[in-house]
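Listed here are the chains, written in short residue letters.
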Amino acid sequence: MKFFLIALTFVSLAAFAESGPDTQKMDTVVVQDVQEKAQRTGVLKDSIQKTEVVTAKTIEKKQAKTVAEAIENEPGIDATNNCSICGIKRVQINGLKGEYTTVLMDDIPLSSTVSSYYGFDAMVTAGVARIEVARGAGASLIAPEAIGGVINIITKKATENSLAIDASGGNAVYRTLSLVGTAVSKDGTQRATISAQHSNQDQWDADGNGVNESPRRANYSVLARLSDDLGVNTNLDLRLSALKASTFGGPMGGDIFRTAIQTTPVGFEGNDVRNKYIGGPNSVNESVELDRLEGAARLTQLLGTNTTMSTTLSLAQQKQDSFYEGNDYAHTNDIVFGDVRLGHQLFTDHLISFGGDVRLETLRSRSYRYYTVLGVPKDDFDYFSPGAYLQDTWTPFDNFELSVAGRFNYIEVDWKNIGVGKEIKRAILVPRAHAKLTHFPELISRLSYGMGYRAPLTFFESEHGILDTGFDVNITAVESSQSANYSLAYDDKKTAATLSGAFTSVTNMSYIDTTGVRPALKNDTGTANAGAADLLVSHQFFPFLQLGASYEHFFYSNRYKGLLPVAAIEDRVRLLADFEMDGWEGNVTVNFVAGRDLAPYNYGNRFNVWDGVTASSPKGTSAPAFATVDLRVAKKINNEISFYAGVKNLFDYTQTKRESPLYFDAAGNLDVIHIWGPLRGRQIYAGLQAKF
């Protein structure tokens with residue numbers, strides 16, 4: 001597979017270059033397409049809200065090969081691990097659940113909470129120019145369901161003829177290979193970016209009990225982005241991508257035959273999860289195969305000097321084939337999105353944006369264990385949501401901007417077989433407002449308020465399927481939120497500092513209710529609150545040395561804590577140092593997480609030992625403070641080639657050295673989510689990078 005992706009990259013670039021660019025030399029062409037002209041005039045890109053940017057350089061310094069790795073530990077973000085066996089990542093913004101994070105690709109919503117559940121560790125970074133993070137409900141005009149915020153992955157736009165190759169390897173069968181090529185036609189009106197990536201890492205079993213704390217993963221991905229100026233005022237931008245991801249977790253030592261209705265028992269020596277696993281291998285096996293295809297097209301037209309029209313159409317299909325401890329589950333998730341938007345500069349101080357969009361999503365699932373043996377109704381659904389929006393960005397003074405928007409949406413959810421026989425049909429009006437005040441050029445305030453909503457669609461948004469009894473979806477209402485955010489930013493080119501605060505209140509929050517015959521996804525009847533406050537400071541002490549630090553505090557109501565699957569971070573400190581001189585680069589990052597009381601997160605009633613009659617040896621309900629250290633060095637060998645080496649989690653700190661993430665409940669059932677700290681130990685790597 002990886003050789004096919006590599007070959008496809010080179011063949012596609014060669015074909016494009018032969019018909020367009022000058023192939024005799026790698027010329028640098030200054031390119032500004034129609035989209036960039038529209039952004040320059042302000043009629044296409046909304047940038048008034050506070051946005052953190054993870055640059056390509058930051059991604060490189062982190063040795064981040066997936067989106068989850070790229071955004072981990074960034075301000076306001078917590079990439080939580082929700083399963084020690086299969087390693088599911090949920091990305092929380094401002095402390096809010098992973099279901100409340102919306103993922104955009106080039107400003108287009110192609111992912112859903114279903115497809116992103118395993119997606120953050122499947123989305124690769126080859127061909128990514130930057131990742132933008134906007135926190136808070138109402139952060140995106142076309143994604144009102146982003147209660148926590150928006151992660152916008154911006155792919156690389158070709159501006160010159162270039163080719164970049166990156167290969168690395170390390171312990172625990174860590175292997176990566178990525179290629180990114182760009183080509184520009186002679187007249188600069190046609191541009192192509194093609195990227196491919198393969199990455200692999202093995203299982204991790206720090207306590208040696210034969211059950212991993214971090215699974216084996218392998219990703220394959222190829223992406224092509226083509227842009228063509230069809231005329232002086234018209235641009236067509238196309239993007240196609242294919243991704244295949246494989247996760248194997250549970251028993252150490254290789255693949256397991258995936259047979260539904262696994263009857264071999266779960267067992268540890270002495271019935272203690274800290275001892276050697278001696279039960280059936282398939283009873284702790286969780287493996288997931290993902291295949292994803294995406295296509296998106298955007299036509300941008302300048303209609304005179306003051307008006308822009310943007311028309312977007314995208315389609316995505318993700319197939320998931322899963323095996324959960326003897327239970328099989330597979331589904332196909334299809335998403336279609338369309339948007340038509342007009343931007344008009346009204347007078348000199350009003351920028352009007354208005355348009356309409358529609359989102360259609362379907363899920364069709366299959367399971368021999370759940371549907372044939374247990375007779376559980378399928379969780380198939382149809383989701384339909386058309387909407388219209390109007391936004392006015394007013395600039396009454398040079399130092400003040402105010403953006404006010406309203407969005408009307410109709411939501412219709414039809415569960416085909418499951419649930420309580422009800423559908424959701426609701427019209428919603430969602431307002432948002434953003435204000436930006438420039439006190440003086442170095443000091444800027446931003447204040448925002450927004451409402452958000454989300455329709456919980458499937459049980460597997462909040463639970464990944466390790467259930468012998470089956471499941472239900474008993475959703476009767478959409479989740480809704482109100483969010484306020486404020487930031488004060490200072491930047492004088494040498495010193496940068498940002499103080500931020502956010503508060504969000506959520507009603508009808510979805511959760512897993514385990515009190516019935518079968519676990520069910522339901523709406524909570526109360527109000528859950530979450531907030532975040534953080535301070536970031538950096539200073540360029542010398543031309544070759546920059547130091548930075550941040551402190552973050554997340555606060556949650558006890559009701560909210562009790563509805564989370566795993567304990568969230570509450571206090572975090574980050575220290576950074578970047579060094580660059582004479583062809584050498586180096587960076588060090590220290591992440592410190594304060595201790596937490598785990599009891600409000602329902603970590604009580606968990607035990608290491610089950611004696612067949614009663615549970616004994618209770619686990620603790622207090623998580624200790626811990627720190628991890630990452631470092632990387634790089635040396636430029638010549639203008640094209642660089643060597644780098646680094647280590648993640650330098651001191652090999654894992655939660656498992658204190659206690660296992662595995663546990664028995666009071667009834668003797670095994671679970672895998674007693675998680676509060678890192679589960680993967682020291683990762684050493686080295687590699688070569690070539691850019692032409």
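Now for a description of the structure that goes with this document. Here, residues in each chain are numbered from 1, in the same order as that chain's written sequence. Only residues with pLDDT of 70 or above have their local features reported here, since the model is predicted, and side-chain atom pairs are shown and tallied only from 80 upward, although totals for entire chains, interfaces and linings are computed over all residues. As a convention, hydrogens and water are excluded, and side-chain values are obtained from all of the structure's heavy atoms.

## Observations concerning the overall build of the protein chain
Going along the chain from the N terminus, every DSSP run of H or I of four or more residues is numbered as a helix, and every run of E of two or more is numbered as a strand. What the protein chain contains, in helices and strands, is six helices and 37 strands. Throughout, the radius of gyration refers to the C-alpha atoms, and the reference size of a globule is 2.2 Å times the residue count to the power 0.38. Over its C-alpha atoms the protein chain spans a radius of gyration of 25 Å, differing by no more than 12% from the 26 Å that the globule rule assigns to 692 residues. A total of 692 residues make up the protein chain; the buried ones form 55% of that total. Whether two residues are in contact is decided by their heavy atoms: any pair within 4.5 Å suffices. Considering only contacts in the protein chain between residues 6 or more positions apart, those separated by 24 or more positions represent 68%. The convention is simple: Lys and Arg are positive, Asp and Glu are negative, and His and the chain ends are not counted. Note on charges: their place is set at NZ of Lys, CZ of Arg, CG of Asp or CD of Glu. The centroid of the 66 positive side-chain charges in the protein chain is displaced by 1 Å from the centroid of its 78 negative side-chain charges. The rule is simple: take the accessible area with a 1.4 Å probe, protein chains only, and divide by the maximum for that residue type; under 20% is buried, over 50% is exposed, in between is partly exposed.

## With respect to the sheet that holds strand S20 (residues 472–474)
One bridge is not enough; two strands pair if DSSP finds at least two bridges between them. With mixed pairing, the three strands of this open sheet are ordered in space as S20-S24-S23. Of all the strands in the sheet, just S20 and strand S23 (510–513) have a single pairing partner and so form its edges. On average, adjacent strands in this sheet sit at an angle of 30 degrees to one another, irrespective of strand direction. Of the strand pairs in this sheet, S20 and strand S24 (residues 520–523) are connected by three bridges, and their pairing is parallel. Within the sheet, the bridge partner assigned to Val-473 lies in S24 and is Leu-521. A fitted line through C-alpha atoms serves as each axis, taken over the contacting stretch for helices, and the angle formed by two N-to-C directions is quoted from 0 to 180°.

## Comments concerning the pairing of strand S15 (residues 350–366)
Where strand S14 (residues 327–346) meets S15, 17 bridges bridge the pair, whose relative direction is antiparallel. If you follow Leu-346 over to S15, its bridge partner there is His-350. As judged from the 14 bridges shared by S15 and strand S16 (residues 381–397), these two strands associate in the antiparallel manner. Residue pairing across strands places Arg-359 opposite Ser-385, the latter belonging to S16.

## Some details on a nonpolar patch on the surface
Together, Leu-313, Leu-315, Val-336, Leu-360 and Phe-384 make up a nonpolar patch on the protein surface, roughly 390 Å² of accessible area in all. Here Leu-315 shows up in strand S13 (residues 307–324). On the basis of relative accessible area, Leu-315 is assigned to the partly exposed category, the value being 46%. Each patch is built from residues that are more than 30% exposed by relative accessible area and take part in no salt bridge. Like charges join if they lie within 9 Å; nonpolar side chains (Val, Leu, Ile, Met, Phe, Trp, Tyr) join within 5 Å. Areas reported here follow the Shrake-Rupley algorithm with a probe of radius 1.4 Å; residue values treat only the protein chains shown as occluding. Definition used for salt bridges: Asp or Glu carboxyl oxygen within 4 Å of a side-chain nitrogen of Lys or Arg.

## Considering the pairing of strand S11 (residues 234–249)
Pairing of strand S10 (residues 216–231) with S11, which is carried by 15 bridges, proceeds in the antiparallel orientation. Within the sheet, the bridge partner assigned to Ser-227 lies in S11 and is Asp-237. Bridge analysis of S11 against strand S12 (residues 286–302) gives 16 bridges, and the strand direction is antiparallel. Residue Asp-237 lies in a different strand from S12, and its bridge partner there is Arg-298.

## Examining the sheet that holds strand S6 (residues 149–155)
Taken together, four strands build an open sheet; the order of strands is S1-S5-S6-S4 and the sheet is mixed. Strands at the two margins of the open sheet, each flanked by one partner only, are strand S1 (51–55) and strand S4 (101–105). Shown here is a sheet whose adjacent strand axes are inclined to one another by a mean of 20 degrees, direction ignored. Two strands pair when backbone bridges link them, and strand S5 (residues 128–135) and S6 are joined in this way by seven bridges, in the antiparallel orientation. Bridge pairing in S6 places Ala-134 opposite Val-150.

## Focus on empty space enclosed by the protein
Using a 1 Å grid laid over the protein atoms alone, points where a 1.4 Å probe fits but cannot get out form a cavity; open sets with protein on both sides within 12 Å along at least 5 of 7 lines form a pocket; any residue with an atom within 4 Å of a point counts as lining. Grid points are joined across faces, edges and corners, and a volume is the space filled by probe spheres set on the points. Inspection of the entire model under this criterion finds nine cavities of 30 Å³ or more. Along the wall of the largest cavity there are 29 residues; nearest its centre are Met-105, Met-123, Val-124, Leu-243 and Glu-294. Among the secondary structure elements, those contributing two or more residues to the lining of the largest cavity are S4, S6, strand S9 (190–201), S10, S11 and S12. When residues are sorted by character, Ala, Val, Leu, Ile, Met, Phe, Trp, Tyr, Cys and Pro go into the nonpolar class, Asp, Glu, Lys and Arg into the charged class, and all the rest, Gly among them, into the polar class. Residues of the lining of the largest cavity, tallied by class, amount to 18 nonpolar, nine polar and two charged.

## So, the pattern of salt bridges
Across all of its chains, the model carries 35 salt bridges by this definition. For Lys-57, the salt bridge goes to Glu-585, with nearest N and O atoms at 2.9 Å. Separated by 528 residues along the polypeptide, Lys-57 in helix H3 (residues 56–61) and Glu-585 in strand S28 (residues 584–593) bring together distant segments of the chain. Judged by relative accessible area, Lys-57 falls into the partly exposed class, the value being 33%. In the salt-bridge network here, residues are joined through shared partners; they are Asp-106, Arg-225, Asp-237, Arg-239, Arg-292 and Glu-294.

## Points about the packing of aromatic side chains
A pair of aromatic rings is counted whenever rings of Phe, Tyr or Trp (Trp by its six-membered ring) have centres within 6.5 Å, and the orientation is called stacked for planes under 30 degrees apart, edge-to-face for over 60 and tilted otherwise. Counted according to the given criterion, the structure contains twelve aromatic pairs. Summarising the aromatic geometry, the rings of Tyr-329 and Phe-471 are spaced 6.4 Å apart at their centres and angled 80 degrees between planes, so their arrangement reads as edge-to-face. In this pair, Tyr-329 sits in strand S14 while Phe-471 sits in the loop between strand S19 (443–454) and S20, placing the two residues 142 residues apart along the sequence. No difference in accessibility class separates Tyr-329 from Phe-471, as the two residues are buried. As a reminder, the over-ring test applies to NZ of lysine and CZ of arginine, requiring each to be within 6 Å of the ring centre and within 35 degrees of the ring normal. Looking at Arg-606, its charged tip hangs above the ring of Tyr-603, at a distance of 4.1 Å from the centre. Residue placement shows Arg-632 over the ring face of Tyr-644; its charged tip is 4.5 Å from the ring centre.

## Focus on the environment of Tyr-324
With respect to the helices, strands and loops of the structure, Tyr-324 is situated in strand S13. Residue Tyr-324 is classed as buried on the basis of its relative accessible area, which comes to 0%. C-alpha separation for the pair Tyr-324 and Val-284, spaced 40 residues apart in sequence, amounts to 7.8 Å.

## With respect to the environment of Ala-634
Residue position: Ala-634 is located in strand S33 (residues 626–636). A relative accessible area of 11% places Ala-634 in the buried class. Put simply, Ala-634 and Leu-688 are 54 residues apart on the chain and 9.3 Å apart in space, counted from C-alpha to C-alpha. In this structure Ala-634 touches Gly-583, Trp-584, Glu-585, Phe-643 and Tyr-644, once residues within four positions along its chain are discounted.

## A short note on the state of the cysteines
By convention in this document, the label disulfide applies to cysteine sulfur atom pairs within 2.5 Å. Summed over all chains, the structure comprises zero disulfides. No disulfide involves Cys-83; its nearest neighbouring cysteine sulfur is the one of Cys-86, lying 3.0 Å away. Accessibility expressed as a relative area gives 0% for Cys-83, which makes it buried.

## Things to note about unusual backbone geometry
Phi at Val-173 is positive, roughly 55 degrees, even though this residue is not glycine. You can see Val-173 is positioned in the loop between strand S7 (162–170) and strand S8 (174–184). Of note in this structure, Asp-652 is not a glycine but carries a positive phi near 60 degrees. Within the element layout of this structure, Asp-652 appears in the loop between strand S34 (641–648) and strand S35 (663–664).

## Comments concerning the environment of Ser-185
With respect to the helices and strands, Ser-185 occurs in the loop between S8 and S9. C-alpha of Ser-185 to C-alpha of Gly-450: the two residues are 265 residues apart in sequence and 43 Å apart in space. A 3.5 Å cut-off defines polar contacts: any pair of N or O atoms within that distance qualifies, except that in protein one atom must be a possible hydrogen donor and the other a possible acceptor, and neighbouring residues in sequence count only when both atoms are side-chain atoms. Only 2.8 Å separates the side chain of Ser-185 from the side chain of Asp-187, close enough to count as a polar contact. For Ser-185, the side chain forms a polar contact with the main-chain nitrogen of Thr-189, separated by 3.4 Å.

In short, shape yes, function no, at least from these values alone.
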